[in-house]
Amino acid sequence: MPHSLIRPDITRIVVVVPVRNEEDLLPHCLSALDRAATKVNVPVHIQFVLDACTDSSADVAGGGVSTFAIDERNVGAARAVGFSVAGHTCRADTWFATTDADSEVDEGWLSAQLARARAGAEVVVGTVGVRWSEQSKDLAPVYERSYRNHPDPHIHGANLGFRADIYWRTGGFRKLRNGEDIDLVDRFRAIGARIEWTDSADVTTSDRRIGRAPDGFAAHIRGLELSA
């Protein structure tokens, strides 16, 4: 019988956020996650992974969030450690989600993922918008146009959710220089996981030009300037 036909209900959510010197943006990320957590009827555990932080990011977390410090300087490794620390015993009744420290999830982010999980989805891949503050707002239509016309499905570590058992079955996030999110979704596809792509539970991320991952989203923003 296919693995996706029989599943227990989701009774817990674990959210992992990799953090590297994000003391300025992290409060907004945390507030958004707190709002999203109030919209679901299951416990939500938020896990920050402080990766080589030299600022006050640890102080931002406060008492309501779990933190774990590493020195990897790699977002894939940070996500992997977060789920190992907070969800190593979790299986099919737990939903895993991940976003980024410079991002703000919609208040319906978790409830939308939970609804899809309860309807049978094993992986939910969402879209990302941009909070235009550092760069010219003239880039906004360029971003939207390139985003809509992109030939491949969008995959962002800032807006991704999946059942715990499916995550562990694939081996989880890998320590890659870039594209740890795409790599994971590719492995979800390879095992035949039920993937749902959605733009109804958006995540807004920063428009900074210098990011934490080489050739990541910040590099994409820089590239837009050439098209503007």
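Described below are features of the structure shown in this document. (Residues numbered from 1 in each chain as written. Predicted model: local features only at pLDDT ≥ 70, side-chain atom pairs only at ≥ 80, totals over all residues. Heavy atoms only, no water.)

To continue, consider the overall build of the protein chain. Across its full length, the protein chain holds eight helices and eight strands. The contacts in the protein chain between residues at least 6 apart in sequence include a share of 76% that link residues at least 24 apart. Of the roughly 10300 Å² that the protein chain leaves accessible, carbon and sulfur atoms contribute 49%. (Helix = DSSP H or I, 4+ residues; strand = E, 2+ residues; numbered from the N terminus. Contact = heavy atoms within 4.5 Å. Areas by Shrake-Rupley, 256 points an atom, 1.4 Å probe, with all protein chains shown as cover.)

Our next topic: the pairing of strand β8 (residues 195-206). Taken together, the three bridges between strand β5 (residues 103-105) and β8 define a ladder with antiparallel strand orientation. By the bridge assignment, E104 is partnered in β8 with T204. When strand β6 (residues 123-131) meets β8, the two strands line up parallel, connected through eight bridges. Residue pairing across strands places V123 opposite I195, the latter belonging to β8. (Pairing = 2+ DSSP bridges.)

Time to look at the side chain of D51. Checked against the element boundaries, D51 lands in strand β2 (residues 44-51). Buried within the structure, D51 lacks any salt-bridge partner; its nearest side chain of opposite charge belongs to R20, at an N-O separation of 5.8 Å. At a separation of 2.7 Å, a polar atom in the side chain of D51 contacts the main-chain amide nitrogen of R73. (Buried < 20%, exposed > 50% of the residue type's maximum accessible area, 1.4 Å probe, protein only. Lys, Arg positive; Asp, Glu negative; His and termini not counted. Salt bridge = Lys/Arg side-chain N within 4 Å of Asp/Glu carboxyl O. Polar contact = N/O pair within 3.5 Å; in protein donor to acceptor, adjacent residues only side chain to side chain.)

Our focus in this paragraph is helix α1 (residues 26-37). If you check α1, its first and last C-alpha atoms are 16 Å apart, about what 12 residues at 1.5 Å a residue would give, namely 16 Å. By the burial criterion, the buried members of α1 are L26, C29, L30, A32, L33 and A36. Within α1, the buried residues cover an arc of 165 degrees as seen down the axis, which keeps them to one side. (Expected span 1.5 Å × (residues − 1). Arc of directions from axis to C-beta.)

Turning next to the nonpolar core. With 33 residues, the main nonpolar core has V15, V17, L33, F48, W109 and L110 as its most contacted residues. Going through the elements one at a time, β1 (12-19), α1, β2, β4 (94-98), α4 (109-118), β6 and β8 are the ones with two or more residues in this core. Ranked by residue count, the leading element in this core is α1, at six residues. In this structure V17 touches C29, L33, Q47, F48, V49, T99, D100 and A101, once residues within four positions along its chain are discounted. By size, the runner-up hydrophobic cluster in this structure holds 23 residues, among which are V14, A86, C90 and A164. (Core = buried A, V, L, I, M, F, W, Y, C linked by side-chain atoms within 4.5 Å.)

Before going further, it helps to spend a moment on the packing of aromatic side chains. In the structure shown here, the tally under the stated rule is 12 aromatic pairs. Ring plane angle 85 degrees and centroid distance 6.3 Å describe the contact between F96 and F162, whose orientation is recorded as edge-to-face. With F96 in strand β4 and F162 in strand β7 (residues 160-163), this pair connects stretches of sequence that are 66 residues apart. With a relative accessible area of 0%, F162 lands in the buried category. Within the aromatic cluster, the residues linked to one another by ring pairs are F83, F96, F162, Y167, W168, F173 and F188. Lying over the aromatic face of F173, R79 brings its terminal NZ or CZ to 5.9 Å of the ring centre. (Phe/Tyr/Trp six-rings, centres within 6.5 Å; stacked < 30°, edge-to-face > 60°. Lys NZ or Arg CZ within 6 Å of the ring centre and 35° of its normal.)

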